[in-house]
Amino acid sequence: MSVFDDKKWLTEVFADSGSVFGLAITRKLDEVQSPFQKIAMYETSHFGNLMVIDDVIMLSSRDNFLYHEMLSHPVLFTHPNPKNVVIIGGGDCGTLREVLKHPGVETVTQIDIDEQVTRMAEKYFPELCASNNDPRATLQFADGIKFMREAPTESVDVIIVDSTDPIGPGEGLFNRAFYASCLQALRAGGILVQQSESPLIHMPLLSAMRQAMSDAGFAALQTLNFPQMVYPSGWWTCTLARKGAAFNGFREADAQQAPFATEYYNVDIHKAASALPNFMRKALEAS
Ligand code: SPD
């Protein structure tokens, strides 16, 4: 018996780490079966609204800022002058909102395979969709793998892959063929960044992703880590891959004077996120 027996719990079981994460739910708000996946929305007692896709937690009102800011601002302050950005996935529009905060960004094309994710986000996370009508933004509902395969050569500065885990519709976004398409679409010095799962639970996957990025021809890789309570282990990463040049810090002065507010990202966080614990260094050196 637990002291929480008066609550309804939504639990996600992480079979690969023998652990489970739970949030207290006050009610189910919605559920839709799209042609691609089941999207469910819940109201929680402490984390605001919650989106769950195929029984996997995607985001909560309370902590999505960590993930969306870390997927956007480090890469945009690392690129010297990002003008044209592509987001693959990202249907909840939280990443799009962060990217559009950068005044130098001229176009953002978001390609999510599932329009229903965006329709649900508009309804239950309106704050994340507040910038969807920005004239710089184009939202397309299509296959991101095909989009990148057909993208004009050297037409993009930054590609952000804001995907689900590598199962279901997101599976094809984690392999060498996809990274090769991204490399071709990037201009010289362009950067791909992708959510790269938990360092504690998914290190073999993270190593394999990095290997596939290198095999595709990316010249330099950088993995950043940050907290994310609602994902397995509460600890998450994103990995940057640069075309044709090594990483050489980031535009620290610009980040310091950013003309917009963030809740998590700042210069010190950016630096700290690139510090990797020994077990990660060892695993990445070995791969
Ligand atoms: N284990 C869930 C990982 C999901 C990562 N992407 C979430 C998308 C939020 N924009």
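All of the points below concern the structure found in this document. (Residues numbered from 1 in each chain as written. Predicted model: local features only at pLDDT ≥ 70, side-chain atom pairs only at ≥ 80, totals over all residues. Heavy atoms only, no water.)

1. Observations regarding the sheet that holds strand 3 (residues 38-44)
- Ordered in space as 1-2-3-4-5, the 5 strands form an open sheet in which the pairing is antiparallel. Edge strands, defined here as strands with exactly one partner in the open sheet, are strand 1 (8-14) and strand 5 (56-60). Neighbour to neighbour, the strand axes of the sheet diverge by 45 degrees on average, direction disregarded.
- With 5 bridges joining them, strand 3 and strand 4 (residues 49-53) adopt antiparallel strand pairing. Bridge pairing links Ile39 to Ile53 in strand 4.
- Helix-sheet contacts for helix 3 (residues 115-124) involve strand 2 (19-33), strand 3 and strand 4, and the interaxial angle to strand 2 is about 95 degrees. (Pairing = 2+ DSSP bridges. Helix = DSSP H or I, 4+ residues; strand = E, 2+ residues; numbered from the N terminus. Axes fitted to C-alpha atoms, helices over the stretch in contact; angles between N-to-C directions. Contact = heavy atoms within 4.5 Å.)

2. Thoughts on the sheet that holds strand 11 (residues 220-227)
- Taking strand neighbours across the sheet as the criterion, the 7 strands line up as 8-7-6-9-10-12-11 in an open arrangement whose pairing is mixed. Taken across any chain shown, the strands that pair with only one partner, and hence form the sheet edges, are strand 8 (137-141) and strand 11. For this sheet, the mean angle separating the axes of adjacent strands, direction not counted, is 15 degrees.
- One ladder, built from 8 bridges, connects strand 11 with strand 12 (residues 235-242); its direction is antiparallel. Along strand 12, the bridge assignment pairs Ala220 with Arg242.

3. Details of unusual backbone geometry
- Residues other than glycine seldom take positive phi values, yet Cys93 does so here, at roughly 75 degrees.
- Within the secondary structure, Cys93 is located in the loop between strand 6 (84-89) and helix 2 (94-99).
- On the accessibility criterion, Cys93 (0% relative accessible area) is buried.
- Here the phi dihedral of Glu154 falls at roughly 50 degrees; this positive angle occurs in a residue that is not glycine.
- Relative to the elements of secondary structure, Glu154 occurs in the loop between helix 4 (144-150) and strand 9 (156-162). (Buried < 20%, exposed > 50% of the residue type's maximum accessible area, 1.4 Å probe, protein only.)

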